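# Chains, contacts and geometry: an overview
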Amino acid sequence: MKQFFTFINKEFLHVLRDRKTLLILFGMPVVQILIFGFALTNEVKNSKIVVVDYAKDVASKEIINKIEASRYFEIDQMLPGTNELEKAFETGKIKMAIVFPENFNSNLLHQNKAQIQIIADASDPNQATTLTNYASSIIADYQSEMNQLNLAPYRIQPQIKMLYNPQLKGAPNFVPGVMALILMLICVMMTAISIVKEKEMGTMEILLVSPFKPILVILSKAVPYLILSTINVASILLLSFFVLQLPIKGNLFLLFSESILFIITCLTLGIFISVKTDSMQTAMLLSLMGMLLPTLLFSGFMFPVENMPIPLQIFSNIVPAKWYYIIVKRIMIEGLGFASVWKETLILIGTTIFLLFISLKSFKIRMS
């Protein structure tokens, strides 16, 4: 029995001396509970909206004040007319617009009814439905308060309009997210594994002493996956169009160009992982788990990034899938052009150049 407790003590010492094991045992649960507690929420709050108030009367101002006071909405700007709504939605920051018609208060007082138009960005149907429900609830509360003060009941009718996805289909939301997830996992993992495999087999040294330049040897590993991933993009778009009946509203050439740019970004990330690791197991773990969770949590595909705490929102900016997801939605779903995605494009280009530079520099240091 004494020997048994001696072995237990030995194992405890092994575990306590291994910092990586301690990090997994105690660090991972803390990180996961914090991230999952703050990030995994479908609750909508502080969503930016715009208001068009043609009435500018007492009733419209009271409803605007109630909307602004709620934790669900943040009024980004007051627009002079509905002509500016399209530009506001094209920025991607505005999730909903509320339009008060002329003589709003007068219609309430004399006709006992009035209408309010609610316009939502339905490229994310779940979020659009939630936002319109919140707005309708605030309007209903105001209506209830008014009815308590008057004998004749007032009736405010919200007219809801869904932009980009009027039928509230799920495909316009998950197809861009699935594209980002598939390309990220395949490109990063396969590139990292293919290069590390050469290291484990001992053939990388043979390739590096060949007449070819070392940089070309590394890049040649990525080219096949660039071509195969481009075919993947084409197959996803064909399935979306013919099976899911999801039309591509924007420029197809622009969509393919942005997809190729994102593929190249993922390939450079795979090269970076392969340079920093020496075993296929480590490369696969980093590629699979290190890319899967950030893409799911911080790309905006499953959970709205703007609802997360500020530190997590800042962290989400280093996830390439976030920018590609925004690009695909704007081109494919909203039908916008390069003028609406040039910032995201520059971020992907900058990320690609940075990763390639760091990877090649690290590779030269390891080979010297």
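Residues numbered from 1 in each chain as written. Predicted model: local features only at pLDDT ≥ 70, side-chain atom pairs only at ≥ 80, totals over all residues. Heavy atoms only, no water.

## What about the UniProt feature "transmembrane region" (unreviewed entry) in the protein?
The line we're drawing: UniProt positions are given in the numbering used here, feature names are shortened, and annotations may be inferred rather than shown by experiment. Strands are runs of DSSP state E lasting at least two residues, helices are runs of H or I lasting at least four, and both sets are numbered from the N terminus onward.
Under the local residue numbering, the UniProt record ascribes the feature "transmembrane region" (unreviewed entry) to residues 21–40, 174–196, 222–246, 252–273, 285–303 and 345–363. A distance of 32 Å separates the end C-alpha atoms of residues 174–196, which is 100% helix and 0% strand.

## Looking at the packing of helix α3 (residues 58–69) against helix α5 (residues 104–111)
Where we set the bar: Fitted lines through C-alpha atoms serve as axes, helices being fitted only where they are in contact, and the angles separating the N-to-C directions of these axes extend from 0 to 180 degrees. Here is the rule for angles: anything less than 35 degrees is roughly parallel, anything more than 145 is roughly antiparallel, 65 through 115 is roughly perpendicular, and the remaining ranges are oblique. Note on contacts: a residue pair qualifies if any of its non-hydrogen atoms lie within 4.5 Å across the two residues. Residue polarity is assigned by list, with Asp, Glu, Lys and Arg as charged and Ala, Val, Leu, Ile, Met, Phe, Trp, Tyr, Cys and Pro as nonpolar; anything else, Gly included, falls into the polar class.
Put simply, α3 and α5 touch, their axes get as near as 6 Å, and they point 110° apart. One finds that α3 runs roughly perpendicular with respect to α5. Of α5, the residues touching α3 (which contributes A59, S60 and I63) are F104, N105 and L108. Counted by class, the contact of α3 with α5 contains 4 nonpolar, 2 polar and no charged residues.

## Topic: the environment of P166
Rules: Here the term buried applies to any residue with accessible area under 20% of the maximum for its type, exposed to any over 50%, and partly exposed to those in between, with areas from a 1.4 Å probe on protein chains only.
With respect to the helices and strands, the residue P166 is situated in the loop between β5 (155–163) and α7 (171–201). A relative accessible area of 63% places P166 in the exposed class. Separated by 43 residues in sequence, P166 and S123 have C-alpha atoms that sit 9.0 Å apart.

## Things to note about the packing of aromatic side chains
Rules: For Phe, Tyr and Trp, where Trp contributes only its six-membered ring, two rings pair if their centres lie within 6.5 Å, and the inter-plane angle classes them as stacked under 30 degrees, edge-to-face over 60, or tilted in between. Note on criteria: charge over ring means Lys NZ or Arg CZ within 6 Å of the ring centre, with the direction from the centre no more than 35 degrees off the ring normal.
For the coordinates displayed, the defined rule picks out 5 aromatic pairs. Centre to centre, the rings of Y72 and Y134 are 3.9 Å apart; their planes meet at 15°, and the pair counts as stacked. On the criterion of sequence distance, the pair formed by Y72 in the loop between α3 and β2 (73–79) and Y134 in helix α6 (residues 125–149) is long-range, its members being 62 residues apart. The side chain of K322 reaches across the aromatic face of W323, ending 4.7 Å from its centre.

## Structural notes on the packing of α7 against helix α11 (residues 280–298)
Convention followed: By convention, the crossing between two helices is left-handed when the near helix turns anticlockwise from the far helix through less than a right angle, and right-handed when the turn is clockwise.
Viewed as axis vectors pointing N to C, α7 and α11 meet at an angle of 165°, and their least axial separation amounts to 8 Å. Of the possible angle classes, the one that applies to α7 and α11 is roughly antiparallel. Where α7 crosses over α11, the two elements pack in a sense that is right-handed. Contacts from L181, M184, L185, V188, M189, A192, I193, V196, K197 and E200 in α7 reach M280, A283, M284, S287, L288, M291, L292, T295 and L296 in α11. Residue composition of the contact of α7 with α11, by class: 15 nonpolar, 2 polar and 2 charged.

## Thoughts on a nonpolar patch on the surface
Let me state the cut-off plainly: Excluding any residue in a salt bridge, patches collect residues exceeding 30% relative accessible area, merging like charges within 9 Å and nonpolar Val, Leu, Ile, Met, Phe, Trp and Tyr side chains within 5 Å. Accessibility throughout is a Shrake-Rupley quantity obtained with a 1.4 Å probe, and a residue counts as covered only by protein chains that appear here. We define a salt bridge as a contact between a side-chain nitrogen of Lys or Arg and a carboxyl oxygen of Asp or Glu at a distance within 4 Å.
A cluster of nonpolar residues, F174, L238, L239, F241, F242, V243 and L244, forms a patch on the protein surface that exposes about 700 Å² of accessible area. If you tally residues by element for the nonpolar patch, the top one is helix α9 (residues 214–242), at 4 residues. With respect to the secondary-structure elements, L238 resides in helix α9.

## Some words on the environment of I75
If you trace the backbone, I75 turns up in strand β2. When the C-alpha atoms of I75 and A97 are compared, they prove to be 9.3 Å apart, with 22 residues separating the residues in sequence. I75 has contacts with I49, V51, I64 and E68, leaving out every residue within four places of it along the chain.

## Focus on the side chain of S70
Heads up, the condition is: Identification of polar contacts relies on pairs of N or O atoms within 3.5 Å, with a donor-acceptor requirement for protein atoms, meaning one able to donate a hydrogen and the other able to accept it, and with residues adjacent in sequence counted only if both atoms are side-chain atoms.
The topology assignment puts S70 in the loop between α3 and β2. A polar contact is formed between the side chain of S70 and the backbone oxygen of I67, at a distance of 2.8 Å.

## A closer look at the pattern of salt bridges
Applying the stated rule across the entire model yields 2 salt bridges. The salt bridge involving E145 is made with K66; its shortest N-O contact spans 3.0 Å. You can see E145 sitting in helix α6 and its partner K66 sitting in helix α3, a full 79 residues away along the chain. We classify E145 as partly exposed; its relative accessible area is 38%. Across the pair E344 and R330 runs a salt bridge, and its minimum N-O distance is 3.3 Å. Of this pair, E344 sits in helix α14 (residues 342–367) while R330 sits in helix α13 (residues 320–333); the two residues are 14 residues apart in sequence, bridging distant segments of the chain. With respect to burial, E344 and R330 carry one shared label: buried.

## Looking at the sheet that holds β2
Note the following rule: Two strands are counted as paired when DSSP detects at least two bridges linking them.
The strand order across the open sheet formed by 5 strands is β2-β1-β3-β4-β5, and the pairing between neighbours is mixed. Pairing within the sheet leaves two strands with one partner each, and these edge strands are β2 and β5. Taking the axes of each pair of neighbouring strands and ignoring which way they run, one obtains an average angle of 25° across the sheet. Pairing of strand β1 (residues 47–53) with strand β3 (residues 96–100), which is carried by 5 bridges, proceeds in the parallel orientation. When the sheet's bridge partners are listed, V50 is paired in β3 with A97. On top of the sheet, α3 reaches β1, β2, β3, β4 (113–121) and β5; it is set at about 140° to β2, its chief contact. Of the strands in this sheet, β3, β4 and β5 are in contact with α5, which crosses β4 at around 140°.

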